[in-house]
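# Architecture and fold: a report
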Amino acid sequence: MDTKLDPSRDDLPLMANTSHMLVKHYVLDLDVHFESHVIEGTIVLFFEDGNRLKKQAHSIKETCQLESNEACKFRTPEPCHLPGINSRTFSFNMGCNDFVICDKGGKHTFDKDGNHDNWEQAFGISSSKYCCDTGNHGREDFLLVLDCCDLSVLKVEEVDVAAVPGIEKFIRSPKLTVVSEELRNEIVHELVSLPADHWREQLDYYARCSQAPGCGELSFDSDTWSLQIKKKGVRTATDFPHAIRIWYTTKPAGQSVTWTSDQSGRPCVYTMGSPINNRALFPCQEPPVAMSTWQATVRTAASFVVLMSGENSAKPTQLQEGGSSWHYYVTMPMPASTFTIAVGCWAEIKLETCSSNDLAEECPLLPLETDFRCAGMCHHMEYPCRFQNASATTQKIIPHRVFAPVCLKSVCQETLLQLIPPCLSAAHSILGTHPFPRLDVLIVPANFPSLGMARPNKEKTGHVSDSGASVVKHGLNPEKTFMQVHYLKGYFLLRFFTGLLGHEAYFAFLRKFVHTFHGQLILSQDFLQMLLENIPEEKKLELSVENIFQDWLESSGLPKPLQGSRAAGAECGLARRVDAEVAKWVRVSRRPRKRRRSGKQEVFEKLLPDQLVLLLEHLLEKKTLNPQTLQSLQRTYHLHEQDAEVRHRWCELIVKHKYTKAYKHVERFLQEDQAMGVYLYGELMVSEDARQQQLAHRCFELAREQMDRSSAKVVAEMLF
């Protein structure tokens, strides 16, 4: 199988054979080394085989039909204290199997039943030469395929879960009295199948099993995009080990994390939403259909803080050998791409003075054990769901922490801390129950790519292979991150629907949608179909999911419903005030210089940041603005001190009118707001002005080593 891709143009293969085996839980045990820019350790994966999952799905469907009117019970998730996971030691002399490109060959088989059509359309996947068929044909050993790249895999072994003390409680079959593969797999099945109100016990036994001894090494091979594992003589997924441990180390150039410095110049590393998501951080099943939970123990130097997308507010445990250990977990199954980690020398920002009443309002504590009768059935797989907890559903402001580089501590205390509680409360009032029990907010480094993870687009791309392998169309195109047309169209589409329904009815729909689909993978079609069902017949205007896709997604230019409509500002007082200010600035710019000094001075209104953005966008449409007008703009609104959106428009004005006195503002923007600065590089080069092009080259040389890879590649193509 030829997997030599050009990462700037080709599709992103999803290699995991999720149709045969699905990861249900990951246990990561990792050490972070800043001196060598690597993360090393182990990951234990707990599986269910596809045949068993299909039977479970059928059984759950029948059960839901029988019990749809009955109430259900869940308990509130609470922090748990798991046994400490000892630091793992292993020798790098045992032989490191780095990734090599290899040809697997073989005939590719594709699903003709259309069973995967829903998530195929949602994630832009297609049949491809990268989709290998690894099913059982009775001729060869079963092959487990995991998604990964830029990893050095050292060893893969089966975990002897039967050796864990107390594990006999998970042995249900009286026939299984001798330790065997069947017994171990039965134990794993019972463990991953525990009901939601046993989530703490489940995490505890996951941790114990992850520390169990190995019971045999498994052979493995790797290529650019996958890790392939097999056990000699095992022909089916059912008989394949359902708990395996992988010893590995990341590579300094791996694309899932960025090793950089924060705004205080201190080292840090974080997952930045790479197009390849987390496959260069740990071997995983990348397709979103592989919904799993996880727990992770991360060790690093004592001066560092470890933040992760877990449900608990972790605190460091000091280690005898120095350094500290942090433990996080999640109980809500999610795609592996949602796993995040950030390690750095950050300070936790707290309010200097806070009364006990304020604390109670900001961080209401939920009862540790709460039983209640739920109002209706959830439609997701079972987990400790906050939507089924009476206390959680009324919690407007969830517990939250704020972390930032030391140099930004004071500004965060003055500004950011006060903004989070009202934002959380507003989200609750519009969308309902917060899906997660807590929130960590981190001020990320300047090179963080602002538009995040790979976002597959909807395309007519065929079928998924029988194994579950697939392809994300254009998933590796670095320019995709900076294409905002779909975001703009999405905004106007939602605004269009708000106009049809009215604000009150539209927000009620959003709340209903979140409640209906929480905890599930969804499609754009799900959203649109439910929305159309809530629009009165007389207002539907013959709308359908099909013609919405045609007008808003598959057609270029302004969508038909917006053509001929009134400008958004016509009915907005804030926008009308901006129009008045634009007129003043145009008069100032046209006034002769001598008259400008002696004549009547314009009085300018104070504008909000969003109004400043609109003002500068209007001024960008003007053919000429003289240097004196630009200088007055800067002095009047202190533009270099405004937020990034305002400063970006200000820099565009500087570039357009070659306002050399303010080029230092452009240089600062390109250094401190690197993702947004990509557009400015283009404008500097298109101008064909020698000084501006020199400015672009100079800034890029200073920033390129710290820039996000996709950003750097796009800018390099503009400059060279």
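Preceding block: the structure.
This section reports on the structure supplied with the text. (Residues numbered from 1 in each chain as written. Predicted model: local features only at pLDDT ≥ 70, side-chain atom pairs only at ≥ 80, totals over all residues. Heavy atoms only, no water.)

Another aspect to go through is the packing of aromatic side chains. Throughout the structure, instances matching the rule amount to 24 aromatic pairs. For the ring pair Tyr506 and Phe507, a centre distance of 6.1 Å and an interplane angle of 50° mean the geometry is tilted. Relative accessible area serves as the criterion here: at 5%, Tyr506 is assigned to the buried category. According to the relative accessible area criterion, Phe507 is partly exposed, its value standing at 34%. Ring geometry for Phe513 versus Phe517: centroids 4.8 Å apart, planes at 40°, classification tilted. Pair noted here: Phe513 and Phe517 are both in helix H9 (residues 503–517), with a separation of four residues, about one helical turn. (Phe/Tyr/Trp six-rings, centres within 6.5 Å; stacked < 30°, edge-to-face > 60°. Buried < 20%, exposed > 50% of the residue type's maximum accessible area, 1.4 Å probe, protein only. Helix = DSSP H or I, 4+ residues; strand = E, 2+ residues; numbered from the N terminus.)

Core analysis: the largest hydrophobic core is formed by 56 residues, its most contacted members being Tyr26, Ile229, Ile246 and Phe282. At six residues, the largest contribution of residues to this core is made by strand S2 (residues 21–33). Sequence-distant contacts of Ile246, defined by excluding residues within four places in its chain, comprise Gly41, Thr42, Ile43, Leu45, Leu146, Val153, Lys155, Val156, Leu227, Ile229 and Pro283. Within the second largest apolar cluster, 46 residues are counted, among which are Leu607, Leu616, Leu653 and Met707. (Core = buried A, V, L, I, M, F, W, Y, C linked by side-chain atoms within 4.5 Å. Contact = heavy atoms within 4.5 Å.)

Let's shift gears to the sheet that holds strand S11 (residues 267–271). If you trace the four strands from one edge of the open sheet to the other, you get S10-S11-S16-S13, paired in antiparallel fashion. Among the strands making up the open sheet, the edge pair consists of strand S10 (257–261) and strand S13 (305–308). Pairwise comparison of adjacent strand axes, ignoring direction, gives a mean angle of 15° for this sheet. Relative to S11, S10 is paired through five bridges, and the arrangement is antiparallel. Counted as the bridge partner of Thr260 is Cys268 from S11. (Pairing = 2+ DSSP bridges. Axes fitted to C-alpha atoms, helices over the stretch in contact; angles between N-to-C directions.)

Looking now at the pattern of salt bridges. Going through the model one piece at a time under the given rule, you end up with 23 salt bridges. A salt bridge links Asp204 to Arg208, with the nearest nitrogen and oxygen atoms 3.0 Å apart. With Asp204 and Arg208 both in helix H4 (residues 199–210) and four residues apart, this pair spans about one turn of that helix. A residue is classified by how much of its surface remains accessible, and Asp204, at 16% relative accessible area, is buried. (Salt bridge = Lys/Arg side-chain N within 4 Å of Asp/Glu carboxyl O.)

Along the chain, the position of Cys407 falls in the loop between strand S18 (400–404) and helix H7 (409–431). Residue classification places Cys407 among the partly exposed residues on the basis of a relative accessible area of 43%. Separated by 145 residues in the primary sequence, Cys407 and Asp262 have C-alpha atoms spaced 9.6 Å apart. Beyond its immediate stretch of four places on either side in the chain, Cys407 contacts Gln263 and Ser264.

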